[in-house]
Amino acid sequence: MDFLISGTHINPVYLIVIGFIVGICGGFFGVGGSFLAGPALFAFGVPMNFVVGTDLAHIVGKSIVAAKKHRVLGNVDIKLGLIMAAATVFGVETGAQIIQQLKRHNNVDLVVAIAFVIVLIGISSFIAWECWQTLKMGKKESTAKGKPRRDHSAIAYIAKNFQRFHLPPMISLPSSGIKQISLWTILIVSYIGGVFSGFLGGGAGYIRMPAMVYILGVPTHIAVGTDLFEVMISASYGTFTHALKGNVDILIALVMHTGAAIGAQIGATLTQYFHGVRIRLAFVPLPLLGAGLIIYSLITGHHFK
Amino acid sequence: MASRSKKSASLGSFLVELAVYAVFVFAYFFLVLHFLGGWIKHVFDQNKTLYAFVALALIIAQGVGLEMLTTGLLRIIRSRES
C-alpha cells in the first residue's frame, strides 16, 4: 500500500501487526508502546520526522478510550493530570521545534535515531536494575517477615525525598494520596516528558510513568490512569502541531490503530496473570528490541517492506 | 475442570471476535482508506491547518468507533455464551 503523504510503500499487514503488538503492550504495561512503534516505522522506511508525528497521532486514538475506562475505575487524578498536561504541551512544542531545526539541517533521521537508541537502552537498563534491586529486597523481606508484598519497589524512598523539596507554591493531591508537593517538581517532570514526546514521538510513557511513580510518589494504578488522561491532551496537541509542520501521515496512524484496538484488550486481560515486579521485568527486552531495529536500519540502510 | 472449560470458552469467544473484527477491518481498508487516501493527500498539499484538524478528527473518531465496535462484539458474543 502506498502512503502518499510520507512517500512510503508499506505492507498494511505489517502496520496492523505492529499496532497489535503495541496495543498489547499498552494494555499490559500501561505505556503507549512508542519504544517499539517508532523503531518499527523507521525500519519500514518511514522518515524520522513522520515517525515522530505519526506515532503521536496513533497514540491519540488509543489514549482517549483507555483514559475513559480508567476515569470510570477512579484511576485518574484530574487535578494532577491538568497541571501535567499544561507543562507537557510546552515540552511537546519544544520537541517539535527541535525536529523542525533538524529537518532544516537534513539530519533528523540520524540524530533522532541515535537519541532513540540511547533512551531505549537507558530505560531497559534502569528497569532491569530496579527489578533486580526489588527482587533482592523481596528475598530479604520474605526471609525476615514471611511473604513479600505483591507490588513494591526498591527505590520508593526517592519519591519521599522529592516530596520534602519545599519550593513554593506547594500543592496537595488528595486523589493521589500526596499531602504536599512543590508545583515546580510536577511542572519540570511533565515538561521533560513533553520534550521526549515531541522529539521522539508517542506519549513518552516510558519516561513519565517511572517519573510519576518514583519522583512524584503517585500510586501505580493512579499513575497509569492519570498518564493516559494527560497523554490524551498532550498527544492531541502534539498531533496537531506536527500535522501543521507536515510531520504526520494520518493514514499510517489509522492503519496501525486498527491493530492496536484489539491488542489493547488482550494486554488488559494478561495483567490478571502477572503483577508488580514481574510485569516490569517482562518489559525489559522490549526497548532493547526497538533499539536493535534502529541500529540495524541505520547500519544496513535496509528497510522491511 | 470448570475453570479450564471457562478458559477455553473465553478463548473461543475471543477468536470469534478476532475473525469478525478482521472482516470489519478488511472492509474498512477498501471502503474508507482507499477512497480517503487521495483526498487527504490533496488536503495535506493544499492546506496544512485543515489537514491538522482532519487528522485529529479522524484518529479520534476511529478510536471511539473501534472501541464501540470491539465492546459491542464482546457483548454480543458473551450474551450468546450465557
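What counts and what doesn't
Residues numbered from 1 in each chain as written. Chains lettered and ligands numbered in written order. Predicted model: local features only at pLDDT ≥ 70, side-chain atom pairs only at ≥ 80, totals over all residues. Heavy atoms only, no water. Helix = DSSP H or I, 4+ residues; strand = E, 2+ residues; numbered from the N terminus. Buried < 20%, exposed > 50% of the residue type's maximum accessible area, 1.4 Å probe, protein only. Contact = heavy atoms within 4.5 Å. Buried area = accessible area lost by both parts, 1.4 Å probe. Salt bridge = Lys/Arg side-chain N within 4 Å of Asp/Glu carboxyl O. Polar contact = N/O pair within 3.5 Å; in protein donor to acceptor, adjacent residues only side chain to side chain. Core = buried A, V, L, I, M, F, W, Y, C linked by side-chain atoms within 4.5 Å.

Once that is clear, we can look at the overall build of chain A. In terms of regular secondary structure, chain A is built from 12 helices and 4 strands. In chain A, buried positions account for 56% of the 305 residues. Of all intrachain contacts in chain A linking residues separated by at least 6 positions in sequence, the fraction that spans at least 24 positions is 78%.

What follows deals with the interface of chain B and chain A. Contacts between the two partners involve 31 residues from chain B, matched on the other side by 33 residues from chain A. The junction of chain B with chain A conceals about 2,700 Å² of combined surface from both sides, 80% of it contributed by carbon and sulfur atoms. At the junction of chain B with chain A, the criterion picks out 0 salt bridges. Linking chain B to chain A there are 4 residue pairs in polar contact (both at pLDDT 80 or more). Breaking the side of chain B that touches chain A down by element, the ones donating at least two residues are helix H1 (2–46) and helix H2 (48–81) of chain B. For the side of chain B that touches chain A, the leading source of residues is H2(B), giving 18 residues.

With that out of the way, let us pick up the nonpolar core. Leu15(A), Val112(A), Ile250(A) and Tyr51(B) are the most contacted members of the largest nonpolar core, which has 73 residues in total. The element that contributes the greatest number of residues to this core is helix H5 (residues 108–145) of chain A, accounting for 10 residues. When residues no more than four places from it in sequence are discounted, the contact partners of Leu15(A) are Phe3(A), Ile10(A), Leu41(A), Phe44(A), Ile252(A), Val255(A) and Met256(A). Formed by 19 residues, the second largest nonpolar core is a distinct cluster that contains Leu80(A), Met209(A), Ile222(A) and Ala223(A).

That's the geometry; what it means functionally is another story.
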